[in-house]
2 protein chains.
Amino acid sequence: MPEELKIVRALADIFGGGRDLRIGIGDDCAEIGVSKNALLVAADQVIENIHYDSRTAAYAAGQKLLLRNVSDVAAMGGTPRWAVLTVAVGKHDAQYVLDFCRGVAGAGKQWGVTVVGGDTAALPQAGCVATLTILGEASSSGSVTRSGARAGDFLYVTGKIGGSFASGRHLDFTPRLKEGRFLADHRLASAMLDVSDGLLLDASRLAQASGVALEIEPEKVPLHADASAPGAWSDGEDYELLFTSPKPLETVWPEDFAPLCRWGRCVEGDGELLNPGGSRFICGKLGYEH
Amino acid sequence: MPEELKIVRALADIFGGGRDLRIGIGDDCAEIGVSKNALLVAADQVIENIHYDSRTAAYAAGQKLLLRNVSDVAAMGGTPRWAVLTVAVGKHDAQYVLDFCRGVAGAGKQWGVTVVGGDTAALPQAGCVATLTILGEASSSGSVTRSGARAGDFLYVTGKIGGSFASGRHLDFTPRLKEGRFLADHRLASAMLDVSDGLLLDASRLAQASGVALEIEPEKVPLHADASAPGAWSDGEDYELLFTSPKPLETVWPEDFAPLCRWGRCVEGDGELLNPGGSRFICGKLGYEH
């Protein structure tokens with residue numbers, strides 16, 4: 001980046017600071033004050049012409065990167081707090097980098113995340129590759145992993161699914177942060193993840209990690225108006241919460257939360273997807289294996 | 001990455017776990033137990049054909065990425081503990097990605113850093129772009145920033161400089177971790193950074209951040225046998241510690257540390273580099289402005 005120093009100065013303004021940020025952008029490391037002792041950490045990338053196409057505004061791409069990471073923290077039941085951002089570009093100007101960072105900062109402000117540091121660099125070819133590492137605080141009731149589902153648990157998903165990439169919803173969605181936190185804080189979920197690679201594929205991952213099989217009825221899951229089954233079951237990038245619970249949750253689920261759909265249950269097994277009754281669930285493609 | 005799931009499984013083996021790692025690779029987030037409340041965070045990238053050339057072994061490139069980040073923590077006087085890694089490749093096979101990760105893991109083991117999570121993705125073009133975010137614990141005596149130098153302080157640098165990229169030393173160097181920690185723990189350094197973009201450029205950054213001028217004698221700084229002045233003063237990638245101290249340190253500097261060189265002092269000013277006596281220091285190029 002020929003203009004890196006100028007960019008670093010602009011970034012300090014774009015990202016601002018937070019109350020726990022003791023040393024901010026511009027030094028060798030940032031220093032943050034951590035009040036809880038259980039820290040959540042995740043990282044995700046967005047790559048031009050892989051995770052978004054070249055017509056996408058840099059601001060929207062930056063926003064997507066932040067939202068994807070917030071969704072990962074939501075899927076543990078935690079609270080996102082800080083982020084570290086690296087952006088590498090080729091054939092884009094400084095304005096593109098700043099707009100991308102403004103997208104990260106804008107979505108970060110909305111979801112309580114402060115960017116505390118990072119790096120910019122040049123790519124040898126045209127394009128943009130960006131990585132965001134998110135840091136969050138775990139629920140004091142414990143984090144919800146993928147591996148805690150047990151036979152007898154109910155299978156739920158929030159919201160609607162399908163057609164996220166085609167519709168552009170993948171660029172600007174609502175991470176299910178309050179829903180995830182509610183489930184963790186009240187110890188209502190036995191296993192959880194966010195639907196990034198397809199409802200069926202992510203369900204099978206939860207089942208494998210937990211060592212159960214799932215009897216599923218995906219036709220019960222609400223679809224977006226522009227989506228249709230069975231494609232919607234493997235589209236991916238829905239960023240809804242997929243989780244299991246030993247209790248029925250319909251009566252305790254707050255009204256202002258994303259709608260809840262019970263679409264299966266856990267049975268003895270080893271990661272299989274089954275029809276109700278136990279025959280093997282057959283579907284051409286479970287999701288996006290990338 | 002067509003083989004991502006296979007890679008994720010291999011990575012859990014390559015990176016292992018650590019005693020504070022409560023939830024490891026394979027969930028939406030990792031969870032770590034943090035015992036100190038001041039957390040250091042930094043991120044750096046390595047990009048094929050920018051930070052290393054295509055003949056470089058993937059293992060060596062991964063090693064460099066880890067070492068660069070350890071050097072950033074050393075420059076604050078802290079202790080590196082955990083890392084999050086993202087790797088995006090095009091036209092490289094899974095073996096390349098695994099070798100890269102083994103390089104990160106190998107250097108991590110040597111320097112006490114556990115990789116706790118990350119992501120792999122495909123690039124639309126040939127090449128490799130990798131980001132590592134490092135987390136560390138701050139010295140309980142406080143971190144050393146770039147901005148604490150005051151008029152009257154002495155200017156020091158560790159080790160030898162010059163010719164790092166041409167010689168290949170940039171791929172396998174010794175981050176000055178014990179030296180940085182010693183300086184922070186005993187409150188001996190008023191400002192510090194690591195020499196990444198060139199001795200003169202990084203000196204001018206320290207001076208600017210601190211609001212002082214520096215009277216310098218760079219000809220006193222030891223050079224590697226394959227390097228010569230004045231080029232060595234702006235080569236960069238030396239990863240030595242550049243710092244200021246209100247006290248002379250020669251008599252307290254441990255014998256098994258990297259050699260210490262006093263090569264200037266801080267005077268009233270605003271970021272200028274000066275000759276002894278106060279005339280402007282003139283040099284064609286201060287360092288690598290990227």
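Computed from a prediction, not measured in an experiment: that's the story for all the values here.

Rules and cut-offs
- Going along each chain's sequence as written, the residues are numbered from 1 onward.
- As a convention, the first chain written is A and the first ligand written is 1, with the rest following in written order.
- Per-residue local features of the predicted model are confined to residues with pLDDT of at least 70, and side-chain atom pairs are confined, for both listing and counting, to 80 or more; whole-chain, interface and lining totals are unaffected and use all residues.
- Computation of side-chain values: all heavy atoms of the structure, hydrogens and water removed.
- Contacts between residues were defined by any pair of non-hydrogen atoms, one from each residue, lying within 4.5 Å.
- The term buried area means the drop in 1.4 Å probe accessible area that two parts suffer when joined, counted for both and summed.
- One speaks of a salt bridge when a side-chain nitrogen belonging to Lys or Arg is within 4 Å of a carboxyl oxygen belonging to Asp or Glu.
- Distance and chemistry together define a polar contact, namely a pair of N or O atoms within 3.5 Å, with one atom able to donate a hydrogen and the other to accept it when in protein, and with adjacent residues in sequence counting only for side-chain atoms on both sides.
- The method works on a 1 Å grid over the protein atoms by themselves. A cavity is a set of points holding a 1.4 Å probe that cannot get out, a pocket is an open set with protein on both sides within 12 Å along at least five of seven lines, and residues with an atom within 4 Å of a point line them.
- Grid points are joined across faces, edges and corners, and a volume is the space filled by probe spheres set on the points.
- Here the term charged refers only to Asp, Glu, Lys and Arg, the term nonpolar to Ala, Val, Leu, Ile, Met, Phe, Trp, Tyr, Cys and Pro, and the term polar to all other amino acids, Gly among them.
- Labels follow the DSSP assignment, with helices taken as runs of H or I lasting at least four residues and strands as runs of E lasting at least two, numbered in each case from the N terminus.
- Exposure is judged per residue with a 1.4 Å probe applied to protein chains only, and the accessible area is read against the type maximum: over 50% gives exposed, under 20% gives buried, and values in between give partly exposed.
- Alignment of the copies relies on least squares applied to C-alpha atoms, considering only residues that score at least 70 for pLDDT in both.
- We treat two strands as partners when DSSP finds at least two bridges between them.
- To define axes, lines are fitted to C-alpha atoms, for helices over the stretch in contact only, and angles between the resulting N-to-C directions are given on a 0 to 180 degree scale.
- What sets the label is the angle itself: under 35 degrees gives roughly parallel, over 145 gives roughly antiparallel, 65 to 115 gives roughly perpendicular, and the rest give oblique.
- Should the near helix be turned anticlockwise from the far one by less than a right angle, the crossing is left-handed, and should it be turned clockwise, the crossing is right-handed.
- The term disulfide is used for any two cysteine sulfur atoms that are within 2.5 Å.

*Asks:* Even after reading the chapter, I still don't get the interface of chain B and chain A, so can you show me in this structure?
*Replies:* Reports often express the size of an interface as the amount of accessible area lost when the parts come together. If you look at the interface, chain B gives 62 residues, while chain A gives 62 residues. Summing the contributions of chain B and of chain A, the shared interface buries around 4,800 Å²; its carbon and sulfur component is 54%. Linking chain B to chain A there are four salt bridges. Between R146 of chain A and D28 of chain B there is a salt bridge, with the nearest N and O atoms lying 3.2 Å from each other. Across the contact surface, chain B and chain A share 15 residue pairs in polar contact (both at pLDDT 80 or more).

*Asks:* Even after reading the chapter, I still don't get empty space enclosed by the protein, so can you show me in this structure?
*Replies:* Any empty space left between atoms is shown by rolling a water-sized probe over those atoms. Applying the stated criterion across every chain yields a total of two cavities of 30 Å³ or more. Quantified by volume, the largest cavity comes out at close to 120 Å³. The wall of the largest cavity is formed by 18 residues, among which L123, Q125 and V129 of chain A together with L123 and Q125 of chain B lie closest to the centre. Of the residues assigned to the lining of the largest cavity, the class counts are twelve nonpolar, four polar and two charged.

*Asks:* I keep staring at the environment of T145 of chain B and nothing clicks. Help me out?
*Replies:* As for its placement among the helices and strands, T145 of chain B is situated in the loop between β6 (127–137) and β7 (154–158). Classification of T145 of chain B as buried rests on a relative accessible area of 18%. Sequence separation between T145 of chain B and S190 of chain B is 45 residues, and the spatial gap between their C-alpha atoms is 7.8 Å. With residues near it in sequence (within four places) discarded, T145 of chain B still touches I23 and D27 of chain A together with S190, A191 and M192 of chain B.

*Asks:* Could you clarify how one ought to interpret the relation of the copies chain B and chain A in this entry?
*Replies:* Once chain B has been moved 0.0 Å along the axis and rotated by 180°, it coincides with chain A to within an RMSD of 0.0 Å. Taken together, the rotation and translation describe the operation of a two-fold axis. In this assembly the copies share their binding face: 100% of the residues contributing to the interface of chain B also contribute to that of chain A.

*Asks:* Teacher, can you tell me more about the pairing of strand β8 (residues 191–194) of chain B here?
*Replies:* The two faces of a sheet get side chains in turn, since along a regular strand they alternate between them. All names here are of chain B. Burial of β8 is two-sided: the residues A191 and L193 facing one way and the residues M192 and D194 facing the other way are all buried. Direction of pairing for β8 relative to strand β10 (residues 241–245): antiparallel, over a ladder of four bridges. By the bridge assignment for β10, A191 is matched with T244.

*Asks:* Mind showing me how you'd approach helix α5 (residues 177–185) of chain B here?
*Replies:* In an α-helix, one turn spans 3.6 residues, which is why side chains three or four residues apart end up on the same side. Regarding α5 of chain B, the residues found buried are L177, E179, G180, F182, L183 and A184 of chain B. Just downstream of α5 of chain B lies R187 of chain B, where phi reads positive at about 50°.

*Asks:* Looking at this model, I keep getting lost on the side chain of S210 of chain A. Mind explaining?
*Replies:* All names here are of chain A. Tracing the backbone shows S210 in helix α6 (residues 199–210). A polar contact is formed between the side chain of S210 and the backbone oxygen of R146, at a distance of 2.7 Å. In terms of polar contacts, S210 uses its side chain to reach the backbone amide nitrogen of G148, at 3.5 Å.

*Asks:* Help me out: how do you make sense of the sheet that holds strand β2 (residues 30–33) of chain A in this one?
*Replies:* Backbone-to-backbone hydrogen bonds join strands into a sheet, with any given pair of strands oriented parallel or antiparallel. Sheet architecture is open: six strands sit in the order β1(A)-β2(A)-β3(B)-β6(B)-β4(B)-β5(B), paired in mixed fashion. At either end of the open sheet lies a strand with only one pairing partner, and these are β1 (21–23) of chain A together with β5 (114–122) of chain B. Averaged over all pairs of adjacent strands, the angle between strand axes in this sheet comes to 25°, irrespective of strand direction. The strands touched by helix α3 (residues 94–111) of chain B are β3 (38–47), β4 (79–90), β5 and β6 of chain B; relative to β4 of chain B, the strand with the most contacts, the crossing angle is about 170°.

*Asks:* I'm lost on the packing of helix α2 (residues 58–74) of chain B against α3 of chain B in this one. Help?
*Replies:* Working note: a packed helix pair is described by the angle between its axes plus the distance between those axes. Residues and elements named next belong to chain B. The geometry of α2 relative to α3 is characterised by a closest axis approach of 7 Å and an angle of 40° between their N-to-C directions. It follows from the interaxial angle that α2 and α3 lie oblique. Seen from above, α2 lies across α3 with right-handed handedness. Contact residues: α2 offers A58, Y59, A61, G62, Q63, L65, L66, L67 and V70, while α3 offers Y96, D99, F100, R102, G103, V104, G106, A107, G108 and W111. Of the residues that constitute the contact of α2 with α3, the class distribution is twelve nonpolar, five polar and two charged.

*Asks:* Sorry if this is basic, but what is going on with the state of the cysteines here?
*Replies:* Linking two cysteines covalently via their sulfur atoms produces the bond known as a disulfide. Residue and element names in this part refer to chain B. Within the structure shown, the criterion is met by zero disulfides over all chains. Cysteine C261 is unpaired, with the sulfur of C266 as its nearest cysteine sulfur at 14 Å. Residue C266 is classed as buried on the basis of its relative accessible area, which comes to 0%.

*Asks:* Even after reading the chapter, I still don't get the pattern of salt bridges, so can you show me in this structure?
*Replies:* A pair can form between side chains of opposite charge whenever their charged atoms are brought close. All names here are of chain A. Under the counting rule described, the total for this entry stands at 32 salt bridges over all chains. The shortest N-O distance in the salt bridge between E240 and R176 comes to 2.8 Å. Of the two residues, E240 sits in the loop between β9 (212–216) and β10 (241–245) while R176 sits in the loop between α4 (164–167) and α5 (177–185), which places them 64 residues apart along the sequence. By relative accessible area, R176 is classed as buried at 15%.

Keep in mind that these numbers describe shape and distance, not what the molecule does.
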